[in-house]
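The chain contents come next:
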Amino acid sequence: MDKKDRKEELKKIVKSRIRGLGLDALFHQVDVSKKDELSEKKEAVSEEDKRLLERLKRIDFPKKKRLISLAIQYIKEYLTPFSNSRLIIDIGESSIKAIEAKEIKNRIIVIKIFYKSIPYLLRENSIKKEKFIKEAIEELSSFSSAKYIISIIPSAKVILKFLTLPTTKEKEIKRMLEFEMKEHLPLPPEKMEVDWQVTKQEEGKSTVILAAIKKEEIEQHLNFLGNLKIAPSRIETSFIVLYNSLGFSKEKRHNIVQINIGEKNTEINILKEGGLILSRCLEWGSKDLTYSIAESLNLSFDNAEKIKKENGIILSKKEENATSKIISDNACKWVDYLIEEIKKSLTYLKVKENTSLDIDKLILSGGGANLINISDYLKEKLKMKISFLKAPQYIEISSDHTTYNKYSLEFVTLMGALLEENKGHLIKINLLPQRLKSSFKIKRARTKLILSICVLLGIAVSLLIGATIFLNKKRNEIKMQKQEIENLSLKVATVQHLKEKIRNIQAYISSEKSCMEVLREISLTVTSDITINKFLFEKDRMVILEGEASSHSSVVNFSKNLSDSILFENAQIKYTKRKERLKETVAFEITCILK
């Protein structure tokens, strides 16, 4: 089967899977051994073909793993959880959202954004929906390698209690909570998974937020994630994530109502001076408006959803046709229900706190908040400032801006789960079962230990390599210095030899000069009756003269003349001796010192 035939076969398989649904995500993995050949197509291709080829690129075929690859993978599995990369996953009623981010120098950088809409025809079919989600998660896993995963669980499944305890001591708070849990939870504590956090302490009192979920519910959630091959490090409720999404902004210190309108549920958070004091979940969402429009106009869900997004609430009554009026009326009734629930929540707080709460602002988020003119309608009805939730300033979006901008009101609520540590007024409640928390802590501790050992080994190896390099460098320097000393020694020997020659030459020249001067001076001093037979130079500039004279007096005069000369001094007659054969001749020896 050539390249063209394989591609056509692939198209048939895909089209057969998505016929009638209009989906390109239900891609069936086929056994194609040479996927690169299909993806390398130089001529122009259609958009449909491009999508198919993109799906083809993501097919993973088994590869023979080598020992080094396995070792690297093993190290990555242990070191990745310790990194600051986090993946937030929210599997909702109508979409799958995920963001991956890293914390760098007190700023959070969103590096990857993932969004997948779940087709309406699959939402009510749990088997097909799970299959679709699984394929979407596999697609997500293909470009995200984060091991620290935070899963968002719907608030409808979570019980949130706001308690005030008459103590600030942690041990006493724990004991009191054991009693409070029995009073406030619908099931015994052993059948609930709970977590809590102290949010405020003053005047000997502690404000505590207690979150609880049925163990059965949390296990179902974990099993569902397990089937998708997701092992979460934390499970957070969307109530808390929505609150944390305000970050550390100044407006968080005011009295605020947060409304997050989802597909099936709507969450209401009420903040008093920055502190969360009430959370409610309404089993009501944007889907209810779509159903209302579909029923009023006798439309399919998809068509009703489309015209809902196109029309929204019509504030001006001048230009409206019958269809637009029906859509607007339905939208107004839908928002009126939300207004009613907001007022109920404020009334409840008024009774509970025995004082009215003046709201400074209402902040909207979620996909339902995209309804045209919803903010203006709420402003008119509630007489308060209305705004839309924005990402905190410490979060920077560096990934797919197009996807984020299109679904910003849905993604922005996930931003509250990005901070791992408990900083400022953030609430970090983790509903992960205790056994998994302990396991995760052990894994983290083991990871830290392994990392510490690796760091120590790295330092030791680095020191060893550094010492080896240093010693080799010093050894080479010593070797070079020895070689230089040898070269210098040869040069010194040569110089000394030359000096010796020079000294010899100078001595020769000096001696020769002295001898000539001495002979000249002696010739000037000696008289005609004196004959010099021997002339010697001795140590300490001593000169010895031996010769013959006609008389002793001549010898005395010659000695005296030597002492008076400019070259000699201290002339002394050692001996005089008359020769027997020649009565008239006297032999003598005179010593004198050169000046």
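Draft legend 1. Structural view of the overall build of the chain. In terms of regular secondary structure, the chain is built from 17 helices and 18 strands. Split into buried and exposed, the 595 residues of the chain put 41% on the buried side. Looking at the chain alone, contacts between residues at least 24 apart form 63% of all its contacts between residues at least 6 apart.

Draft legend 2. Layout of unusual backbone geometry. If you check the backbone angles, Asn298 has positive phi at about 55 degrees while not being a glycine. Tracing the backbone through its elements, the reader meets Asn298 in the loop between α10 (286-297) and α11 (301-311). Unusually for a residue other than glycine, Asn570 sits at a positive phi of about 55 degrees. Tracing the backbone shows Asn570 in strand β17 (residues 568-578).

Draft legend 3. Representation of α11 within the structure. For α11, every residue scored as buried is listed here: Phe301, Ala304, Glu305, Ile307 and Lys308. Once α11 ends, the next one or two residues include Gly312, with phi positive near 70 degrees.

Draft legend 4. The packing of helix α12 (residues 322-353) against helix α13 (residues 374-382), seen in detail. Taken N-terminus to C-terminus, the directions of α12 and α13 make an angle of 50 degrees; their axes are 11 Å apart at the nearest point. In this view, α12 runs oblique relative to α13, as classed from their interaxial angle. Judged by the twist between their axes, the crossing of α12 over α13 is right-handed. On α13, the residues that touch Cys332, Trp334, Val335, Asp336, Ile339, Ile342 and Lys343 of α12 are Ile374, Tyr377, Leu378, Lys381 and Leu382.

Draft legend 5. View of the pattern of salt bridges. Tallied over the entire structure, the rule returns 19 salt bridges. The salt bridge partner of Lys116 is Glu139, with a shortest N-O separation of 3.4 Å. In this pair, Lys116 is assigned in strand β3 (residues 107-117) and Glu139 in helix α6 (residues 126-141), connecting sequence segments 23 residues apart. Accessibility classification places Lys116 together with Glu139 in one group, the buried group. Where Lys200 meets Glu202, a salt bridge forms, and the shortest distance between an N and an O atom there is 3.5 Å. When its relative accessible area of 45% is taken as the criterion, Glu202 is described as partly exposed.

Draft legend 6. Structural view of the sheet that holds strand β2 (residues 95-104). A sheet is described by the order of its strands in space; here six strands give the open sequence β8-β4-β1-β2-β3-β14, paired in mixed fashion. Strands with a single pairing partner mark the edges of an open sheet, and in this sheet they are β8 (234-237) and β14 (395-397). Across the sheet, the mean angle from the axis of one strand to that of its neighbour is 30 degrees, orientation sign disregarded. Packing against the sheet, α6 makes contact with β1 (85-91), β2 and β3, and its axis sits at approximately 145 degrees to β3. The strands that helix α8 (residues 215-227) touches are β1, β4 (148-153) and β8; relative to β4, the one it contacts most, it runs at about 130 degrees.

Draft legend 7. Fine view of a nonpolar patch on the surface. On the surface, a cluster of nonpolar side chains totalling about 400 Å² of accessible area is made up of Val455, Leu456, Ile459 and Leu463. Its place among the elements puts Ile459 in helix α16 (residues 434-525).

Draft legend 8. How the structure looks around the pairing of β4. Judged by how many residues are buried, β4 sits mostly within the fold: six of six residues are covered. Of the two faces of β4, the one lined by Tyr148, Ile150 and Ile152 and the one lined by Ile149, Ser151 and Ile153 are each fully buried. Pairing of β1 with β4, which is carried by four bridges, proceeds in the parallel orientation. Bridge assignment links Arg86 to a residue of β4, and that residue is Tyr148. The pairing of β4 with β8 spans four bridges and is classified as parallel. Residue pairing in the sheet places Ile153 in a bridge with Thr237 of β8.

Draft legend 9. Up close: the nonpolar core. In terms of nonpolar packing, the biggest core is built from 49 residues, with Ile99, Val110, Met415, Leu418 and Leu431 touching the most fellow members. Those elements giving two or more residues to this core turn out to be β2, β3, β4, β5 (159-165), β7 (205-214), α8, α9 (238-244) and β14. Ranked by residue count, the leading element in this core is α9, at five residues. Non-local contacts of Met415, meaning those with residues more than four positions away in its chain, are made with Ile99, Val110, Ala391, Pro392, Ile395, Ile397 and Tyr404.

Draft legend 10. Quick look at the confidence of the model for the chain. Averaged over the chain, the pLDDT score is 81; the fraction of residues at 70 or greater is 81%. Per-element confidence in the chain ranges from a low mean pLDDT of 40 for helix α2 (residues 35-39) to a high of 95 for strand β9 (residues 256-261). Note that pLDDT drops below 50 for residues 17-43; the model gives that stretch 51 contacts with residues more than four away or on any other chain. Here residues 59-65 is a poorly scored stretch, pLDDT under 50, and it has 11 contacts once near neighbours within four places are set aside; other chains count.

Draft legend 11. Structural view of the sheet that holds β17. What the four strands build is an open sheet, ordered β15-β16-β18-β17; its pairing is antiparallel. Only two strands of the sheet have a single neighbouring strand rather than two, namely β15 (530-537) and β17. Sheet twist, expressed as the mean angle between neighbouring strand axes with direction ignored, is 20 degrees. Inspection of the sheet shows β15 paired to strand β16 (residues 542-549) by seven bridges, in the antiparallel sense. Following the sheet pairing, Thr531 is matched in β16 by Glu548. Packing of helix α17 (residues 552-564) onto the sheet brings it into contact with β15, β16, β17 and β18 (586-594), and relative to β17 it is tilted by some 165 degrees.

Reading the values: rules and limits
Residues numbered from 1 in each chain as written. Predicted model: local features only at pLDDT ≥ 70, side-chain atom pairs only at ≥ 80, totals over all residues. Heavy atoms only, no water. Helix = DSSP H or I, 4+ residues; strand = E, 2+ residues; numbered from the N terminus. Buried < 20%, exposed > 50% of the residue type's maximum accessible area, 1.4 Å probe, protein only. Contact = heavy atoms within 4.5 Å. Axes fitted to C-alpha atoms, helices over the stretch in contact; angles between N-to-C directions. Parallel < 35°, antiparallel > 145°, perpendicular 65-115°, else oblique. Left-handed = near helix turned anticlockwise from the far one by under 90°. Salt bridge = Lys/Arg side-chain N within 4 Å of Asp/Glu carboxyl O. Pairing = 2+ DSSP bridges. Patch = residues over 30% accessible without salt bridge, like charges linked within 9 Å, V, L, I, M, F, W, Y side chains within 5 Å. Areas by Shrake-Rupley, 256 points an atom, 1.4 Å probe, with all protein chains shown as cover. Core = buried A, V, L, I, M, F, W, Y, C linked by side-chain atoms within 4.5 Å. pLDDT = per-residue confidence, 0-100.

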